[in-house]
Amino acid sequence: MTRVFLAVMDSVGIGGAPDAARFFNGTVPDTGANTVAHIAQACAAGRAEEGRSGPLHLPNLDSLGLGAAVRLASGDATPGLTATPAGTWGAAEEVSPGKDTPSGHWELAGVPVPWDWTYFPDTRPAFPEALTAEVCRLAGTDGILGNCHASGTAIINDLGEEHMLSGRPICYTSADSVFQIAAHEETFGLQRLLDLCRQLAPTLHGMKVGRVIARPFTGSSPADFARTTDRKDFAIAPPAPTLLDRAQGAGHPVHAIGKIGDIFSMSGIDDVVKGTDAKLMHHLSDAVDGAADGSLTFANFVEFDSLYGHRRDVSGYARALEWFDAGIGAILPRLRAGDMLILTADHGNDPTWTGTDHTRERVPVLVAGQGAGELGVIPFTGVAQLAADHLGLAWS
Ligand SMILES: O=P(O)(O)O[C@H]1O[C@H](CO)[C@@H](O)[C@H]1O
Ligand SMILES: [Mn+2]
Ligand SMILES: [Mn+2]
């Protein structure tokens, strides 16, 4: 028996999506967006010097094939990433009609999204009157704040104090199919926020809005408002059994690390651990040391996306990649003979791009533990196929 560790580096795209022109940041199409290549180019040009310095240094990811995957996917230059791959490497291409986290993860787990998501218009108000009324009814408030497209950190700074005074929840959305509610952990109450999101979720899911997301925060003014790790996503369920359901159904232990539990509505998952990416790296490390033969461990590292991609913070994103590379470097030697570790991503979020939303990109597929080889460009579902084959699951 062998084990599979599947880790999603959230938003670590590598450009080259052939349908990028159909996806937008504002009015600008995603054509040419390339998260890894543009970070590598910025680093090499000395434009990513905050808290780090010089060319992008990813010796472990690059030796697994990251630079080669970027060049295969996009043809873009990858200064600093020039290794000859020692892993099995390639790029994956998405077919689902959304560049969001659930679409990407479900398709990586073998299930493309068969429906069109509902997106809220970039207008004020962004939400239908009946939905706003339902939020007020469930929250027991006389109104909501926001009601627009926004960056989550910016809207807390803009409306956090008014929220604390009025008690009205801050409701916002983005280019993703999401309904997000930011509320103060103490003045509004964390449990009250979670209950509100849970109660609202069936209505939003019925509208084919992918997620209701609770965004608790703390602090007393824009100087110290900060979001907490108690964020919770209430996601619509996958449309068909995924790799996780199939693995669990065939008796394989399935462990989730990070947002995976929320993204899959806990379907096909035995247990989940959450926390900051630093904690999640420890959990992944512990899983490599202790997970049972035949197990599937599925991890998501979200901070590339949430802390740096959406914030268009190139230095921060480069630091996160370099930190992740070091963490994976410490784990690789501890894989057991026969283990398969797959590193991939769910969409792009090019921090050099216009806007603050995800970018439609191909993603890397880097496989450790299985020798050197080239996969070429495979569908996202090819990642599920790799894992299923390794676990001996029937897969068609
Ligand atoms: O700006 P913040 O609140 O981080 O929101 C981002 O996080 C959401 C969920 O990942 C995305 O849809 C994007 O809107
Ligand atoms: Mn994502
Ligand atoms: Mn995101």
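Everything below is about the structure printed above this text.
Below, the structure is looked at part by part. (Residues numbered from 1 in each chain as written. Chains lettered and ligands numbered in written order. Predicted model: local features only at pLDDT ≥ 70, side-chain atom pairs only at ≥ 80, totals over all residues. Heavy atoms only, no water.)

Some words on the environment of aspartate 271
Then, number 1: Turning to its location among the elements, aspartate 271 is positioned in strand E12 (residues 271–273).
Then, number 2: With 187 residues separating them along the chain, aspartate 271 and threonine 84 place their C-alpha atoms 37 Å apart.
Then, number 3: For aspartate 271, the contacting residues outside a window of four places in its chain are Val254, His255 and Ala256. (Helix = DSSP H or I, 4+ residues; strand = E, 2+ residues; numbered from the N terminus. Contact = heavy atoms within 4.5 Å.)

What to know about the coordination of the manganese ion (ligand 2)
Then, number 1: Looking at the metal site, the manganese ion (ligand 2) is ligated by Asp10 (OD), Asp10 (OD), Thr101 (OG1), Asp346 (OD) and His347 (NE2), spaced 2.1 to 2.7 Å from it.
Then, number 2: Read from N- to C-terminus, the donor residues coordinating the manganese ion (ligand 2) fall into the pattern D-x90-T-x244-D-H.
Then, number 3: Distance-wise, the manganese ion (ligand 3) is placed 4.7 Å from the manganese ion (ligand 2). Highlighted residues: threonine 101 in helix H4 (residues 101–108) and aspartate 346 in the loop between strand E14 (340–344) and strand E15 (363–368), separated in sequence by 245 residues. (Donors = N, O, S within 2.8 Å, 3.2 Å for Na, K, Ca; no water.)

Quick word on the site of ligand 1
Then, number 1: What surrounds ligand 1 is a group of 14 residues, the closest being Gly152, Tyr172, Asp176, Arg227 and Arg311.
Then, number 2: One of the side-chain N or O atoms of serine 174 is found 2.9 Å from an oxygen atom in ligand 1.
Then, number 3: Relative to its free-state accessible area of 350 Å², ligand 1 is covered by the protein chains to the extent of 98%.
Then, number 4: For the shell around ligand 1, the elements supplying multiple residues, two or more each, are strand E7 (178–184) and strand E8 (211–218).
Then, number 5: In terms of residue count, E8 provides more of the shell around ligand 1 than any other element does, three residues in total. (Near = heavy atom within 4 Å. Polar contact = N/O pair within 3.5 Å; in protein donor to acceptor, adjacent residues only side chain to side chain. Areas by Shrake-Rupley, 256 points an atom, 1.4 Å probe, with all protein chains shown as cover.)

Honestly, that's just the spatial picture; any functional story needs more than this.
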